[in-house]
Amino acid sequence: MALNLSTTLEPEIGAGTGRAATLNTRYIRFGPFQVDQQRQEVCRNGSRLKLQGKVYQVLLALIEKQGDVVTREELRFRLWPADTHVNYDANVNTTVNKLRQALSDSSDKPLYIETIPRKGYCLLVQPEFTDVPVAVTAQSMVSASNGKPHASGVAEAPKMDLWITLGVIGLILAGMLLGAGIAKLWISHFAPTPGGLWL
């Protein structure tokens, strides 16, 4: 009796294709984190985190299979070539712990990475895939009329601060000049005249 493997493989192939399509986007966001796949960087609220290569690879593996278990074997094959001789269990543990530290996560009360005993790890949050970084969408949009960047209120704030600062400095200088002028006038008005006599 022959087994029909096509029906059991099709859902996995379809799911893998959808995940591959979403991983082709440049940015992946979850919680306060943004992954820039082109630069291979992870930022938290705009501040760059220092992730080593293997730690970054573990994060990508978890994102690729979000909601599913990433087995320790899958991580082993992803992180080390077949001919590498290391203590895989200890190194996988260390790498996942470094990722948890970078994400300020805990194995006791996980927010992002759950340990599945004797199996592997699972990403608990749903990532968002996009080609536009958070900073660009919040600060500027392209004007349809002329194709030039159109600054929003967020982008104009630094310019506004500059003008306010320059205005305050101008007022201080004008006050100093006015004070110097009044002092000079005061001194010249009450100073004795050279030819005058005091009786």
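Residues numbered from 1 in each chain as written. Predicted model: local features only at pLDDT ≥ 70, side-chain atom pairs only at ≥ 80, totals over all residues. Heavy atoms only, no water.

## With respect to the packing of helix H3 (residues 72-79) against helix H4 (residues 88-102)
Look at H3 against H4: their axes get within 10 Å of each other, and the N-to-C directions meet at 90°. Judged by the angle between their axes, H3 and H4 are roughly perpendicular. The residues of H4 that touch H3, namely those facing Arg-72, Leu-75, Arg-76 and Leu-79, are Tyr-88, Asp-89, Val-92, Asn-93, Thr-95 and Val-96. Residues of the contact of H3 with H4, tallied by class, amount to five nonpolar, two polar and three charged. (Axes fitted to C-alpha atoms, helices over the stretch in contact; angles between N-to-C directions. Helix = DSSP H or I, 4+ residues; strand = E, 2+ residues; numbered from the N terminus. Parallel < 35°, antiparallel > 145°, perpendicular 65-115°, else oblique. Contact = heavy atoms within 4.5 Å. Nonpolar A, V, L, I, M, F, W, Y, C, P; charged D, E, K, R; others polar.)

## Let's talk about the nonpolar core
Considering soluble globular proteins, one finds that nonpolar side chains tend to be buried as a cluster. Within the largest apolar cluster, 28 residues are counted, with the highest numbers of intra-cluster contacts made by Phe-30, Val-35, Leu-62, Leu-75, Leu-99, Tyr-112 and Ile-113. Put simply, the parts of the chain that give this core at least two residues each are strand S1 (27-30), strand S2 (33-36), helix H2 (53-64), H3, H4 and strand S7 (120-123). Broken down by element, this core gets its largest block of residues, eight residues, from H2. If sequence neighbours within four positions are ignored, Leu-99 has contacts with Val-55, Val-58, Leu-59, Leu-62 and Ile-113. (Core = buried A, V, L, I, M, F, W, Y, C linked by side-chain atoms within 4.5 Å. Buried < 20%, exposed > 50% of the residue type's maximum accessible area, 1.4 Å probe, protein only.)

## A few points about the pattern of salt bridges
What the rule picks out here adds up to seven salt bridges. Its salt-bridge partner being Arg-29, residue Glu-128 comes within 3.0 Å of it at the nearest N-O pair. Of this pair, Glu-128 sits in strand S8 (residues 128-130) while Arg-29 sits in strand S1, placing them 99 residues apart in sequence. Take Glu-128: its relative accessible area is 42%, and that puts it in the partly exposed class. The exposure class assigned to Arg-29 is buried, which follows from its relative accessible area of 17%. Note that Glu-74 is salt-bridged to Lys-65, the shortest N-O span being 3.0 Å. By relative accessible area, which is 33% here, Glu-74 ends up partly exposed. (Salt bridge = Lys/Arg side-chain N within 4 Å of Asp/Glu carboxyl O.)

## Section: the sheet that holds strand S5 (residues 70-71)
Strands sit in the order S5-S7-S6 across an open sheet of three strands; the sheet is antiparallel. Sheet topology places S5 and strand S6 (113-116) at the edges, where each strand pairs with a single neighbour. Relative to S7, S5 runs antiparallel, the two being bridged by two bridges. The residue of S7 that forms the bridge with Val-70 is Tyr-121. Seen against the sheet, H2 touches S5, S6 and S7 and runs at an angle of roughly 70° to S7. (Pairing = 2+ DSSP bridges.)

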